[in-house]
Amino acid sequence: MFEDKFTRVLYIDLSKKSFAIKSRPDLFEKWLGGSGVGIQLLKEECPKDTDPFSPENTIIFAVGPITSLYPLASKTVAMFKSPLTGNLGESHAGGRSAVSIMMAGYGAIVIKGKSDIPIYLSIFDNEVRFHDARAIWGIKDAITVGKIIRQRETFSGQRSIMRIGRAGENLVSFASLNTETYRHFGRLGLGAVFGSKNLKALVIAGKRTINLTDPKAYLRVYKNILDETTSSLMKKYHDLGTAVNVLPLHEIGGLPIENLNKISYEGAAELSGENLAQNYLGRRIACTGCPVACVHIAAFRDPHEEEKYFYKTSMIGYDYEPIYSLGTMLGIKDAKGFLKLMDRTEKLGLDAMSSGVALAWATEMLNKNIVTESETLVKFSFGDWEKYIEGLENIVLMPNDFYKALSRGTSYASEIYGGKDFALNFGKNEMPGYHTGAATHLGWFLGARHSHLDNAGYSMDQSLKGDYPEPEKLVDNLIEEEANRQILSSLVVCFFARAIYLNFDNTINCLKTVGIDLTKEELKELGMEIYRQKMSYKTQEGWLPSHLDLPKRIFETPAPFGKISEDYMKKAIDHFRDRLEKDFR
Amino acid sequence: MRIEIIDPDRCVGCEICMLACVRRQGFAGLAKSKIAVHSSGGMEKGFTVLVCRACSDPPCAAVCPTNALEVRKDGGVNLISEKCIGCKNCVEACTVNSIFWDNEANKPNICIYCGFCAMNCPHHVLYFNKEWGKENV
């Protein structure tokens, strides 16, 4: 391993308002960085059965050995105990977060304890400051918080500003942590963990030099990777962004609509990447070090209600998953409505995916008369976006018991109010936007994060085209893919670059330039070992997947290659449990 | 200018130019970058790209107390590192804020006009004009 500040870990104690910097080459030499190092730090710092909202819960941010060195090595991994699932929380974000942490001189940051008053942290090189945030606690929108910190702090224009909104302050279990306005540690409630610690925001930056043993080799390897990136990835994700997926998924019948009651509707063209780009796209931006610039931001011009010729123009980020959750899942048929919902979600600091799925469930509960308007307070109806804006506010304000339950996620709310069969959560995390077949649902049900990016079952479904192997084989394939992806999330690279960095020759060459020599076999074994570490943490915290916890809705609505068989899923999950017991304890 | 910012509206803020500049010098990281990209009040407002304009009568050289910045015949300056005492006068003097400070070396980052940033820019924000200043030489 090369000698670098990268192997330093910054430990912050919010209770004592103190910090310490420790060199941990032991960790980084064995586990690379990112997820690999993150899960070890979580095991070290966060004891078994920790309450997610207690001071003992630990937030870990980790970057990787090639962060800021290679294209698309632009992501940060956050690990924590999730208030949504009560188990392993792992969320990834880009923006400037990764390069800022690396340039400030750290491979990982560990945050523990709880401040007595609201504070925000600034981290510039070796300087960590604890600032009074009482005046910005409760500010209506998270965007404004960013603006205020921008004015007060140094490194203008080149720093990462992570902050929570009111959702995080109020401990909504799926509150997100926003960074650079348009990127998020969105999933599993990191925003609420920040809130529980009285931590409003964290700003980090630095400028330093990383010394290389062979600069010429670095130039050469970098060029190869950049060429590959620009030739293979630029077009699709630069042009339309992830929203490019809306129409193809709708066409094959894999796009969940109206709480997955439908897979086809007339709103798809309106919410497509094509339509959003043609009529709303205002700017494309990139994460630091990534040439792709997939981040798409709509310029949305809205007339003032009371005053003629008075317009406000909002810049609103959009991606495939929020289009699904806040758009198609809620039956929204006009782009304007979707953008308004997106904007409100951003300002409140909610995870767009969980929020949309929660409101879709609440709508069906109301439609089926399982709950009444006295619970929902709003007459939800698929397509009526104005009602859903009120719904988002209610999730954060929690004006009654129904919203108190809903703010803890659809799994929790459906335990109390019923409607479990159509509460679309997997391992207590609300589903992503793919109803492509058995592999996708199995993938996120059995995956460590319950995320579509764990193992990309949606991609397997689409390549298998209905020609499924035995359930045991499918599960083995999902496990193998997820193990390989631990390499990506430990490097840490964006999963859009998976084709580049899962070509292990590229990864081996990159690592060589920073003094890490690993063979293909060693890399693969490391990926499997990190996977094992995560699974052992999950089982330690009481996780054991049962097919009874699958929402029945996925068996009722046909997937593109036919209805999903309950029996197939049961066999698959039984096999997974065998392997969990045998190989991953 | 030798390195021309032909279309700043195309800039996506990826900072690949900055990383390229440092790479060209045999390092990684950002401390030694001689070009800078920063957002201008939030990512939604776009980006500002700062790079040396290669002035023919450069203010930075005029304020250097030790003549560490030598005026080039084709415009711009060369840094004579041994002469530099780290006073930062040049940073203050540069009207276009394109001299950056290397805190680790305590020296200014002075562009050498190699064009590597422009060659690496994936979105055609920068253009390397090889003909610039030739008639002055």
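Fair warning: this is a prediction, and the values are worked out from it, not measured in the lab. (Residues numbered from 1 in each chain as written. Chains lettered and ligands numbered in written order. Predicted model: local features only at pLDDT ≥ 70, side-chain atom pairs only at ≥ 80, totals over all residues. Heavy atoms only, no water.)

> Quick question: what am I supposed to make of the packing of aromatic side chains here?
Aromatic ring pairs are described here by two measures, namely the spacing of the ring centres and the angle between the planes. All names here are of chain A. Counting across every chain of the model gives 20 aromatic pairs over all chains. Between tryptophan 361 and phenylalanine 402 the ring centres are 6.1 Å apart and the planes differ by 10 degrees, which places this aromatic pair in the stacked class. One end of the pair, tryptophan 361, is in helix H13 (residues 352–367); the other, phenylalanine 402, is in helix H16 (residues 401–406), and 41 residues separate them in sequence. Here the two residues tryptophan 361 and phenylalanine 402 agree in accessibility, since each one is buried. (Phe/Tyr/Trp six-rings, centres within 6.5 Å; stacked < 30°, edge-to-face > 60°. Helix = DSSP H or I, 4+ residues; strand = E, 2+ residues; numbered from the N terminus. Buried < 20%, exposed > 50% of the residue type's maximum accessible area, 1.4 Å probe, protein only.)

> Help me understand the interface of chain B and chain A, please; the structure alone is not making it clear to me.
Many analyses report the size of an interface as the accessible area lost when the parts associate. Contacts between the two partners involve 33 residues from chain B and, on the opposite side, 37 residues from chain A. For the pair chain B and chain A, the summed buried area comes to about 2,900 Å², and 60% of that belongs to carbon and sulfur atoms. Together, Arg23(B), Met43(B) and Glu44(B) form the three largest contributors to the area buried by chain B at its contact with chain A, with a combined 24%. Counting across the chain B and chain A interface gives one salt bridge. The partner of Glu15(B) in a salt bridge is Arg96(A), and the shortest N-O contact between them spans 3.9 Å. Seen at the junction of chain B and chain A, the total is eleven residue pairs in polar contact (both at pLDDT 80 or more). At the level of secondary structure, the elements contributing two or more residues to the side of chain B that touches chain A comprise helix H1 (16–24), strand S2 (27–29), strand S3 (35–39) and helix H4 (116–120) of chain B. Ranked by residues supplied to the side of chain B that touches chain A, first place goes to H1(B) with five residues. Within the side of chain B that touches chain A, the residues separate by chemical class into 15 nonpolar, ten polar and eight charged. Sheet topology note: the strand S13 (residues 209–211) of chain A/S2(B) ladder contains three bridges and is antiparallel. (Contact = heavy atoms within 4.5 Å. Buried area = accessible area lost by both parts, 1.4 Å probe. Salt bridge = Lys/Arg side-chain N within 4 Å of Asp/Glu carboxyl O. Polar contact = N/O pair within 3.5 Å; in protein donor to acceptor, adjacent residues only side chain to side chain. Nonpolar A, V, L, I, M, F, W, Y, C, P; charged D, E, K, R; others polar. Pairing = 2+ DSSP bridges.)

> Explanation requested: helix H22 (residues 504–513) of chain A in the structure shown.
An α-helix turns once per 3.6 residues; consequently, residues spaced three or four apart project the same way. All names here are of chain A. Burial analysis of H22 places seven of its ten residues in the buried class, which makes it a mostly covered element. All buried positions along H22 are accounted for by Phe504, Asn506, Thr507, Ile508, Cys510, Leu511 and Thr513. Of the surrounding secondary structure, the elements contacted by the buried residues of H22 are helix H7 (215–232), helix H20 (471–491), helix H21 (498–501) and helix H23 (520–540). Following H22 by one or two positions, glycine 515 has its phi on the positive side, about 80 degrees.

> Mind showing me how you'd approach unusual backbone geometry here?
Of note, the bond from Leu491(A) into Val492(A) is cis; its omega dihedral lies within 30 degrees of zero at -15 degrees. Examined against the element boundaries, Val492(A) turns out to sit in the loop between H20 and H21. Backbone geometry at Met398(A) places phi at a positive 50 degrees, although glycine is not the residue there. Within the element layout of this structure, Met398(A) appears in the loop between helix H15 (385–397) and H16. Not every positive phi belongs to a glycine, and Glu15(B) is a case in point at roughly 65 degrees.

> So what exactly am I meant to see when it comes to the packing of helix H2 (residues 34–45) of chain A against H20(A) here?
Between two packed helices, both the angle of their axes relative to each other and the distance between the axes serve to describe the pair. Residue and element names in this part refer to chain A. Between H2 and H20, whose axes approach to 5 Å, the crossing angle comes to 85 degrees. In terms of orientation, H2 lies roughly perpendicular with respect to H20. For the pair H2 and H20, the contacting residues are Gly34, Ser35 and Gly36 in the first and Gln486, Ser489 and Ser490 in the second. Looking at the contact of H2 with H20, its residues break down into no nonpolar, six polar and no charged. (Axes fitted to C-alpha atoms, helices over the stretch in contact; angles between N-to-C directions. Parallel < 35°, antiparallel > 145°, perpendicular 65-115°, else oblique.)

> Help me out: how do you make sense of the side chain of Asn120(B) in this one?
Within the fold, Asn120(B) resides in helix H4. What makes Asn120(B) buried here is its relative accessible area of 11%. One polar contact links Asn120(B) to Arg23(B), side chain to side chain, over a distance of 3.2 Å. Side-chain polar atoms of Asn120(B) contact the backbone oxygen of Phe116(B), separated by 2.9 Å. Every residue in contact with Asn120(B), bar those within four places of it in the chain, is listed here: Leu226(A), Ile16(B), Ala20(B) and Arg23(B).

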